[in-house]
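Coordinates in review
In case you want the letters, here they are:
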Amino acid sequence: MFELRSLVNEIQSIGLINPGAIHHNLSLPSLIEAALANGEGVLSATGALCVATGKYTGRSPEDKFVVDEPESHDRIAWGNVNKPFSQERFDALYRRVMAYLQGRQVYVFDGFAGADPAYELPIRVINQYAWQNAFITQLLLRPSAEQLKSHKPSFTVIAAPGFNADPELDGTRSEAFVIVNFAKRVVLIGGTHYAGEMKKSVFTVMNYLMPLAGVLPMHCSANVGADGRTALFFGLSGTGKTTLSADPARRLIGDDEHGWDDSGIFNFEGGCYAKCIGLSHEHEPQIWDAIKFGSITENVLVDPLTRIPDYSSDSITENTRAGYPVEYIPNAQIPGVGGHPSTVIFLTADAFGVMPPISKLDRAAAMYHFISGYTSKLAGTERGIIEPTATFSACFGAPFLPMPPAKYAEMLGDRLDKHGSAVYLVNTGWIGGPYGVGKRISLRHTRAMVSAALDGSLDSAAYSRDPIFNVLVPASCPGVPQETLNQRGLWADSAAYDRAAQDLAHRFAKNFASFQGMHAEIGSAGPIA
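The sections below set out a description of the structure shown in this document. (Residues numbered from 1 in each chain as written. Predicted model: local features only at pLDDT ≥ 70, side-chain atom pairs only at ≥ 80, totals over all residues. Heavy atoms only, no water.)

A look at the overall build of the chain
Within the chain, the regular secondary structure consists of 16 helices and 30 strands. In terms of overall size, the chain behaves like a compact globule, its C-alpha atoms giving a radius of gyration of 23 Å where 529 residues would be expected to give roughly 24 Å. Considering only C-alpha atoms, the chain reaches an extent of 70 × 55 × 45 Å along its principal axes. Per-residue burial for the chain yields a buried fraction of 60% across its 529 residues. The contacts in the chain between residues at least 6 apart in sequence include a share of 72% that link residues at least 24 apart. Roughly 19800 Å² of accessible area belongs to the chain as shown, and the carbon and sulfur atoms make up 52% of that amount. (Helix = DSSP H or I, 4+ residues; strand = E, 2+ residues; numbered from the N terminus. Rg over C-alpha atoms; globule rule 2.2 N^0.38 Å. Buried < 20%, exposed > 50% of the residue type's maximum accessible area, 1.4 Å probe, protein only. Contact = heavy atoms within 4.5 Å. Areas by Shrake-Rupley, 256 points an atom, 1.4 Å probe, with all protein chains shown as cover.)

Right, here's the structure in full:
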């Protein structure tokens, strides 16, 4: 049993003096009971704990900072993603947060990030609220009783949503802040109740530490077939990583964050964080069934009388979420490890409605589209996004990359060369016209294309090179109407398609020009502007 006296000493050693009750690695039922007793949420008819996150219903990237200190300074890609925060201001804000937590009960979770024992990172999370501790307990890797005895945190996340920063005094942009300090190995979060900030902060930490250990960190989901062949699904939030990787015919390794080392793939997490908007049992039965007791939903509308959740409602936000342990998926791969991927799929939700529904990428094109990371941010995923907006996010995860994107792209290229993975680009966005004119491609057709890529059906397909996007488009795909594969033919006005496609091609070219030191071969593999 973990010694409470030792824990109190460790808590005090990081500056949290005289806290109220310390609740350490409580069981899930105990955390849910505490959350209900504290008035933090309600139980839905399915048994899930339902909470509202108030003003912040998505991540707030403008409020994220990295402490500028000598140990990590030369490795960080400073700019809009990694905004510097001075050591002095961090220390002052840290002391204010510690003072705020004095006398308040806190919930402590000790666990891990990284399912490969060779690279597991001991994590401690200190929460003001029981529901957030339940969330992170389900999302990270939970320790065994034996592991807990010797657990020593290598990184600590402190989340105090009730503490609002004073921008003038504290140097933040608003009352909310997410600050990573690599030297002190601390993440400090306040002013926002959105639990995704904790999850993605741990991912940011792993994106810094893993390359130093020779491991490629990836913003992707992963699963493995009955034949033992692993597949990766890259993409930003809302592009389908969670949905497409939760395949009843395959075993789920993880839905969001993974590492690729010399042995293969491993999950960073122990849980999933699925979008709920429009969720139905017909289209996503595994996710639907996973939202039960032990799951935590954020901002899902619940009938006050029946407690039945309304997944169709976006009255609170479009970015409704559910967090649950990966083993709630019936065919989960436990532990979350797999072999080297035979297939890599890049997912994009193209709001212009011009990208081919599926295309095959050679090595240079794979590098180009990985470094580009084109998609459309969907409403609610980040504050200020109220409709789909075209964006480029390097490596399909720029908000979480402390180092220059080229570093991660080079590591991916090396692995593609070594293991010969086939790479496909799949558009889960719009066809027949842009957002507001065309329609979103059906999930049934997307699943058919993904299945064909995974089972080898597309290996023998006839391909033609798209004259604008410079990718190989199959002439046919099992389970998909042939006309669906031809975006230009789906538009009522072909000339309008050409203009829109050329406009997007120019955007690709402009974005790629911002990256330094990329080989000319990679640049020539992109869209032809």
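A word on the pattern of salt bridges
For the coordinates displayed, the defined rule picks out 20 salt bridges. Linking Asp503 and Arg507 is a salt bridge whose minimum nitrogen-to-oxygen distance equals 3.0 Å. Of this pair, Asp503 and Arg507 are both found in helix α15 (residues 494-512), four residues apart, which corresponds to roughly one turn of the helix. Assessed through its relative accessible area of 34%, Asp503 is described here as partly exposed. (Salt bridge = Lys/Arg side-chain N within 4 Å of Asp/Glu carboxyl O.)

Describing the packing of aromatic side chains
Per the stated rule, a full pass over the model turns up 27 aromatic pairs. Judged by centre distance (5.7 Å) and plane angle (70°), the ring pair of Tyr100 and Phe163 falls under edge-to-face. Of this pair, Tyr100 sits in helix α4 (residues 87-101) while Phe163 sits in the loop between β8 (155-160) and α7 (167-170), and the two are 63 residues apart along the sequence. Each member of the pair Tyr100 and Phe163 is classed as buried. (Phe/Tyr/Trp six-rings, centres within 6.5 Å; stacked < 30°, edge-to-face > 60°.)

Here we look at the side chain of Glu284
With respect to the helices and strands, the residue Glu284 is situated in the loop between β16 (271-275) and α10 (285-290). It turns out Glu284 is buried and unbridged, and the closest side chain with the opposite charge, Arg447, is 5.4 Å from it. Here Thr243 takes part through its side chain, which lies 2.4 Å from a polar atom of the side chain of Glu284. With residues up to four places along the chain from it excluded, the contact list for Glu284 reads Thr243, Leu279, Leu443 and Arg447. (Lys, Arg positive; Asp, Glu negative; His and termini not counted. Polar contact = N/O pair within 3.5 Å; in protein donor to acceptor, adjacent residues only side chain to side chain.)

A short note on the nonpolar core
Of all hydrophobic cores here, the largest spans 99 residues; its most connected members are Met198, Leu232, Phe234, Phe346, Val354 and Phe469. With residues near it in sequence (within four places) discarded, Val354 still touches Phe469, Gln487, Trp491, Tyr497, Ala500, Ala501 and Leu504. Within the second largest apolar cluster, 25 residues are counted, among which are Ile11, Phe85, Ile158 and Val186. (Core = buried A, V, L, I, M, F, W, Y, C linked by side-chain atoms within 4.5 Å.)

Side note on the sheet that holds strand β17 (residues 296-298)
Overall, mixed pairing links the five strands, which are arranged β2-β3-β17-β20-β16 in an open sheet. Bordering the open sheet on either side are β2 (42-43) and β16, each of which pairs with just one other strand. For β16 and strand β20 (residues 321-325), the ladder comprises five bridges, and the chain directions are antiparallel. The residue bridging Cys272 from the neighbouring strand is Tyr324, located in β20. (Pairing = 2+ DSSP bridges.)

Quick notes on the side chain of Glu40
With respect to the element layout, Glu40 can be found in the loop between α2 (28-37) and β2. Despite its burial, Glu40 remains without a salt bridge, the nearest opposite charge being carried by Arg104 at 11 Å. Engagement of the side chain of Glu40 in a polar contact is seen with the backbone nitrogen of Trp131, the distance being 2.9 Å. The residues touching Glu40, leaving out its near neighbours within four places in the chain, are Ala35, Val51, Tyr129, Ala130 and Trp131.

A few points about α2
Count 3.6 residues to each turn of an α-helix, and residues three or four apart come out pointing the same way. Those residues of α2 that fall on the buried side of the exposure criterion are Leu28, Leu31, Ile32, Ala34 and Ala35. Take α2 and look down its axis: the buried residues cluster within an arc of 160°, on one side only. Exposed residues on α2 whose side chains face more than 90 degrees from its buried face are Glu33 and Ala37. Along its buried surface, α2 packs onto β2, β3 (49-51), β6 (106-113) and α5 (130-139). Of the residues trailing α2, Gly39 is marked for its positive phi of about 75°. (Arc of directions from axis to C-beta.)

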